[in-house]
Amino acid sequence: MARRISIFLRIFTVIIAAAMMLSSVPEVWAAKKLTADDFVHADGRNIIGTDGEKLEIRGMALGNSVWSSPVAPNLKHHTEKTYKELSELGFNCVRFYLNYEMFESDEKPYSYKKTGFDWIDKNIKWAKKYNMGIILNMHCPQGGYQSQGNGMALWTDKTNQKRLAALWKKIAQRYANEPTIWGYGLINEPIAPMLETKKATLGQHERLVKTLVKEIRKVSPYQMIFAERLGGAKDIEGGATEWYDLTGESSFPIINDSNIVYEFHCYEPFGFTHQNTEWAGTAGVTMKYPSDEIISADYENGWVGCISAKEKKSSGKWSYFESEPLTLSDKRNVGFAAVNASASGKNGAVYFDDITVTEILANGKKRVKYSYTFDGEGSGVFYPWSADGSGEMTVAPNEGRSGAALKISGTLSDFTASASNRFELKKGCKYIISGYIRTENTSCKPAVRLDYAKASDIRIFNKKSLEAAVKPYADFSKKNNVPIYLGEFGVVRAGFEEGRNGAGWVSDMIDICRKYNIGFNYHTYHEGSFGFYFSNDNVLPNKKDRNEELAEVFRKKLKNV
């Protein structure tokens, strides 16, 4: 009898242990062993859903406050309501930003904290409830955040690469059996050191990506891996910083794996998507979409000549200047505003205000093409050049005719500042520049000018130019028969103000992605300057802070597709 009881207890113990094991496995795994078809996956140029049909990635970035180096999740960044909201707007996934510090510390490498994984687990539960996927993206790897080129330690210290590979393996091992996790974005916007050759520079990136893929594939055979192109290179020798463009579509690491998605980002042009933003270096720069402004061109001659405005009248300390009309010619087809304040002397200063470029159409009708009042947050709309390095350009508050003015002081030789806005000279049109000048402690002869240049392959800021920026990546996809993914696109808050039409830019970008079979992800959900919600992420998302103009674009473009 005792022996029968012992056998019964052993059998009972085994049954209980098995039940406990099954309870810790995702429900879908308890029923069957999963195959590749149970995961969202790549197939040639397409992404295939778990229903076997072609799937369009329609994502929203969840930033998770990664830029603040969080050691624990920010529970105020988003909640379960976020997934419900995004699903109702037509999104089917989120790009979920990670900072390695949520999982391990530099003091205890390879010792992983539970809190980071718990946060992912909670989000998986929410995503499942609203039938959404999650793409995990390593936004801040060991060695430092990459986008501004400050994370060189990832490349120069191989220990950081080993730690990143180990962390990705740990993450992939934990979620290998979870179809809600669509895939893994290895490194966000990588910027590597510039080596002797372009080939060597690209090679260091490709080797790291292959290592990460190898480690993930040891434990996760079915989930997609997102390999982003090398965004640029930085010269870290000699203390000087030099940036190198590696030509978009040629900077992808080519990986021998049929379930790789190749990722690029597009904020074209930077002066629009990041406009009037101090941290982006665009303070004072504003743009509207679409416009006649030139965003790219091949310049045969960057400066051919100029026409200076002549003094027309004087009132108090200010003098009004206006130029003769400028027209298109064989020698010039690009125009831009400029000011000159040469040899003002150490204690001298020149102030400029209300500079206006006026276009006169063939029928005689006039319209203001550009107007500079300098009442923004900075002087970024004009870029200074000094022949000998002397002089300073600033925006002087309360020194203008009714607000701020552009101030140039202390110049000892030639000093010119040129507007960032360049425009194409149109056939049959004439262009006049005007503005106000006042001087202080100087006898120099300042000028308001309309400068001109000669260029070809001119692209103005419209949908056609946006498509031209995206098409090389689409061509890469077609040539290599691989899926391509726009991992980030978006517009900073100022792009939605004063009729600048950030919503139109977003709408056109979605249209372009669909034309070329490109999945896309909007950056970002909840962030003070760059978010769908404009509140800082130290408070929960509140409907009053939501960009309703952008929400309407999402409803129109994403819902019921």
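Anything mentioned here points back to the structure above.
So, a few notes on the structure that sits alongside this text. This structure is a prediction, so every number in the text was calculated from the model and none was measured.

Observations concerning the packing of aromatic side chains
Working step 1: A complete count under the given rule lists 33 aromatic pairs for this structure.
Working step 2: Between F103 and F117 the ring centres are 5.0 Å apart and the planes differ by 65 degrees, which places this aromatic pair in the edge-to-face class. Here F103 is found in the loop between β4 (93-99) and α4 (114-129), whereas its partner F117 is found in helix α4, with 14 residues between them in sequence.
Working step 3: The buried category is assigned to F117, whose relative accessible area is 5%.

Thoughts on α4
Working step 1: Here α4 spans 23 Å end to end across 16 residues, near enough to the 22 Å set by a 1.5 Å rise per residue.
Working step 2: What α4 keeps buried is the set G116, F117, W119, I120, N123, I124, W126 and A127.
Working step 3: Here the buried face of α4 lies against β3 (58-62), α3 (80-89), β4, β5 (133-140), α6 (158-175) and β6 (181-185).
Working step 4: Of the residues one or two after α4, N131 is the one with positive phi, at around 55 degrees.

As for the sheet that holds strand β26 (residues 484-489)
Working step 1: Taken together, eight strands build a closed barrel; the order of strands is β3-β4-β5-β6-β8-β11-β26-β27 and the barrel is parallel. Between one strand axis and the next, the sheet turns by 30 degrees as a mean value, whatever way the strands run.
Working step 2: Bridge count for β4 against β5 is seven bridges, and the pairing is parallel. Its bridge partner being in β5, N99 is matched across the sheet by C140.

Comments concerning the side chain of Q223
Working step 1: Tracing the backbone through its elements, the reader meets Q223 in the loop between α7 (198-217) and β8 (224-228).
Working step 2: Setting aside residues no more than four positions away along its own chain, Q223 makes contact with F39, Y175, A176, E178, I181, W182, G183, Y184, R217 and N259.

Describing the side chain of R438
Working step 1: Counting through the fold element by element, R438 comes out in strand β24 (residues 430-440).
Working step 2: Judged by relative accessible area, which is 8%, R438 ranks as buried.
Working step 3: Polar contacts involving the side chain of R438 include one to the side chain of E399, which spans 2.5 Å.
Working step 4: Discounting chain neighbours no more than four positions away, the residues touching R438 are K317, W318, A349, V350, Y351 and E399.

Considerations on the pattern of salt bridges
Working step 1: Taken as a whole, this structure holds 35 salt bridges when the rule is applied.
Working step 2: A salt bridge links E399 to R438, with the shortest nitrogen-to-oxygen separation between them at 2.5 Å. Of the two residues, E399 sits in the loop between β20 (392-396) and β21 (405-409) while R438 sits in strand β24, which places them 39 residues apart along the sequence.
Working step 3: Classification of E399 by relative accessible area gives partly exposed; the value is 30%.
Working step 4: Among the salt bridges present, the one from R555 reaches E552, with a minimum N-O distance of 3.0 Å. Here R555 pairs with E552, and both are found in helix α11 (residues 548-558), just three residues apart, close to one helical turn.
Working step 5: Because the salt bridges share partners, they merge into one network encompassing E85, R546, E548, E552 and R555.

Points about the packing of α4 against α6
Working step 1: One can describe the packing of α4 onto α6 by two numbers: an axis separation of 12 Å at closest approach and a directional angle of 35 degrees. As α4 runs across α6, the sense of the crossing is right-handed. Touching F117, D118, I120, D121 and I124 of α4 are K170, I171, R174 and Y175, all from α6.
Working step 2: Its residues placed into classes, the contact of α4 with α6 shows five nonpolar, no polar and four charged.

As for unusual backbone geometry
Trans is the common state for peptide bonds, and a negative phi is the common state for residues other than glycine.
Working step 1: Here the residue pair Y289 and P290 is connected by a cis peptide bond, since its omega of -15 degrees sits within 30 degrees of zero.
Working step 2: Its place among the elements puts P290 in the loop between α8 (270-273) and β12 (294-308).
Working step 3: Of the consecutive residues H523 and T524, the connecting peptide bond is found in the cis state with omega at 5 degrees.
Working step 4: For T524, the location among the structural elements is in the loop between β27 (519-522) and α11.
Working step 5: With a phi angle near 40 degrees, E189 is a residue other than glycine that sits in the positive phi range.
Working step 6: Structurally, E189 is set in the loop between β6 and β7 (191-193).
Working step 7: Phi at N398 takes a positive value of approximately 60 degrees, unusual for a residue other than glycine.
Working step 8: On the basis of relative accessibility, which here comes to 72%, the residue N398 falls in the exposed class.

Some words on the pairing of β27
Working step 1: Here β27 shows a buried face lined by G519 and N521 and a second buried face lined by F520 and Y522.
Working step 2: One ladder, built from three bridges, connects β3 with β27; its direction is parallel. For G59, the partnering residue across the bridge sits in β27 and is N521.
Working step 3: One ladder, built from three bridges, connects β26 with β27; its direction is parallel. Looking across to β27, one finds that F489 is bridged to Y522.
Working step 4: In this fold, the crossover linking β26 to β27 by way of helix α10 (residues 502-515) has right-handed handedness.

Considerations on the environment of D235
Working step 1: Note that D235 resides in the loop between β9 (232-234) and β10 (243-244).
Working step 2: Separated by 326 residues in the primary sequence, D235 and V561 place their C-alpha atoms 46 Å from one another.

Here we look at the packing of helix α9 (residues 463-480) against α10
Working step 1: Where α9 meets α10, the axes come as close as 10 Å, and the angle between the chain directions of the two elements is 45 degrees. In terms of orientation, α9 lies oblique with respect to α10. Relative to α10, the crossing made by α9 is right-handed. From α9, K463, L466, E467 and V470 reach across to α10, where they touch W505, D508, M509, D511, I512 and K515.
Working step 2: Residue composition of the contact of α9 with α10, by class: five nonpolar, no polar and five charged.

Points about the nonpolar core
Here is a general trend for soluble globular proteins: nonpolar side chains tend to be buried in one another's company.
Working step 1: Ranked by internal contacts, the top residues of the largest apolar core, which has 93 residues, are Y83, L136, W168, I171, W505, V506 and F554.
Working step 2: Residues within four places of W168 in sequence aside, it is in contact with L98, L136, M138, Y184, G185, L186, L212 and I216.
Working step 3: Counting 33 residues, the second-largest nonpolar core is a separate cluster that includes L326, A419, F423 and C444.

Calculation criteria
Residues numbered from 1 in each chain as written. Predicted model: local features only at pLDDT ≥ 70, side-chain atom pairs only at ≥ 80, totals over all residues. Heavy atoms only, no water. Phe/Tyr/Trp six-rings, centres within 6.5 Å; stacked < 30°, edge-to-face > 60°. Helix = DSSP H or I, 4+ residues; strand = E, 2+ residues; numbered from the N terminus. Buried < 20%, exposed > 50% of the residue type's maximum accessible area, 1.4 Å probe, protein only. Expected span 1.5 Å × (residues − 1). Contact = heavy atoms within 4.5 Å. Pairing = 2+ DSSP bridges. Axes fitted to C-alpha atoms, helices over the stretch in contact; angles between N-to-C directions. Polar contact = N/O pair within 3.5 Å; in protein donor to acceptor, adjacent residues only side chain to side chain. Salt bridge = Lys/Arg side-chain N within 4 Å of Asp/Glu carboxyl O. Left-handed = near helix turned anticlockwise from the far one by under 90°. Nonpolar A, V, L, I, M, F, W, Y, C, P; charged D, E, K, R; others polar. Right-handed = clockwise from strand over helix to strand, strands pointing away. Parallel < 35°, antiparallel > 145°, perpendicular 65-115°, else oblique. Core = buried A, V, L, I, M, F, W, Y, C linked by side-chain atoms within 4.5 Å.

So yeah, pure geometry; function would need other evidence.
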